[in-house]
Amino acid sequence: MALTLVAACTKETVPPRPPTPAPAASADDGRYVVVDPRALLRFSPDDPIGMRAQRVVPPNMLEDDHAFWLFERVREENGVVELSTLGGDPPDHACSHVAPSLTDFELRLFVDRAGLAEITRRHVEVSYADGSRVELAAGVVLHPSKAPAPAGQTAFLVRVDRFTVPVHLPPGDHGATFEVPTPFAIPEPTGHLEAPFVVAGRTYPVAELEDEAGVEGVATHKGATTSFALHTACAVYHGRSTKVGPPRNESYGAGGLGLTGTSGPLYRVSAGTPLSTRGGRPVGKVRTDHVFWDRVEDDGPRACFVHPLGTESYALSKSGVHSHAELCVPASAVH
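Procedures and definitions
- Residues numbered from 1 in each chain as written.
- Predicted model: local features only at pLDDT ≥ 70, side-chain atom pairs only at ≥ 80, totals over all residues.
- Heavy atoms only, no water.
- Pairing = 2+ DSSP bridges.
- Helix = DSSP H or I, 4+ residues; strand = E, 2+ residues; numbered from the N terminus.
- Buried < 20%, exposed > 50% of the residue type's maximum accessible area, 1.4 Å probe, protein only.
- Phe/Tyr/Trp six-rings, centres within 6.5 Å; stacked < 30°, edge-to-face > 60°.
- Core = buried A, V, L, I, M, F, W, Y, C linked by side-chain atoms within 4.5 Å.
- Contact = heavy atoms within 4.5 Å.

The antiparallel open sheet is built from 3 strands, whose spatial order is β11-β12-β13. In this open sheet, the two strands that pair with only one neighbour each are β11 (143-144) and β13 (165-169). Of the strand pairs in this sheet, strand β12 (residues 154-158) and β13 are connected by 5 bridges, and their pairing is antiparallel. Paired with V158 across the two strands is V165, which belongs to β13.

Following this line, the structure appears as structure tokens:
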């Protein structure tokens, strides 16, 4: 994952950030936000030192919705949003995932409002000139688009299921925050695609869908062309095909995330242990029993650890941006 987490625990110095003007009053104050992979997360509103899960964000990562992480929004002030980490994906959440490297910790973090991804704020439905339509759940990441849009609407691209769908949305349907969504139920399939699927002005070969959204769905037969709906938790794609066979009872839907393991000394801390930066600034507590792998050094009465944010090396970059967080606990709490 490619997010940036900021802490005051390095000897590197970088120029302070320019002040961010306070945003205008907005009704965009939902419970959840999704953070862009390029965003800087910080342990305090004014801390200029950064940490990043991957120090370089590849362009293809910006097209992968699994690179966008879900946080709970606490409050916003002067263009800075205070966030709270989550212990796992909410049971009623559909489309963005929590940061897997942060689920063991209850942390309060800060991000500039500009670092929040644009998302659907509610269930929306978009129709297309070819007669197809797409339904989107709340919390779907909306990627920028340069396509023209009707007056009063904005053009976006949706890649939540890895095939690209253009959408035009009015202001009330998109923003930076959203409430608890209701994922789409996935019905029992009544058919599977045996010919290309046409939706949102594009034709998708069956082979392209077999590894992505799947080819099982709900079919409505009408003459030579069959209306066909592909269902996932985040979207329903209502299109058509010229050949649909009986269901094969294959599952379809969005994929998940994986983590890599490591080896080395183990330093165990228990749930409820307070967390701080070097120097003792409180930043949260341990949510569930956790094992640290890399001990940095003692900081007075505290033991400090390197905690990788992703799978890339966490060496310090010349710009002061790391791919790790240094978290400290009372030395007596280490087992």
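After that view, the rundown keeps rolling.
On to the pairing of strand β27 (residues 302-308). Most of β27 is tucked away: 6 of the 7 residues are buried. Where strand β26 (residues 294-299) meets β27, 5 bridges bridge the pair, whose relative direction is antiparallel. Bridging from a neighbouring strand, R295 pairs with F305 of β27. Connecting β26 to the next strand, β27, in antiparallel fashion are 2 residues, including G300 with a positive phi near 65 degrees. Looking at chain direction, β27 and strand β28 (residues 324-330) are connected through 7 bridges and run antiparallel.

Let us now look at unusual backbone geometry. Positive phi values are uncommon outside glycine, yet N78 reaches one of about 55 degrees. We classify N78 as partly exposed; its relative accessible area is 47%. With a phi angle near 55 degrees, A200 is a residue other than glycine that sits in the positive phi range.

Before going further, it helps to examine the packing of aromatic side chains. Tallying each qualifying case throughout the model produces 5 aromatic pairs. Ring geometry for Y32 versus F178: centroids 5.8 Å apart, planes at 40 degrees, classification tilted. In this pair, Y32 is assigned in strand β2 (residues 32-35) and F178 in the loop between β14 (174-175) and β15 (191-193), connecting sequence segments 146 residues apart. Overall, the relative accessible area of 3% leaves Y32 in the buried class. Among the aromatic residues, those joined into a cluster by ring pairs are F105, Y267, F292 and F305.

Turning our attention to the nonpolar core. If you look at the biggest cluster of nonpolar residues, it comprises 35 residues, and the most contacted ones within it are V165, V167 and Y237. Put simply, the parts of the chain that give this core at least two residues each are β9 (124-127), β10 (133-136), β12, β13, β16 (197-199), α1 (206-210), β19 (225-231) and β20 (235-241). The contacts of V165, once residues within four sequence positions are left out, are Y128, V134, F156, L157, V158, A200 and Y237. V35, L275, V283 and V334 belong to the second-largest nonpolar core, a separate cluster that totals 30 residues.

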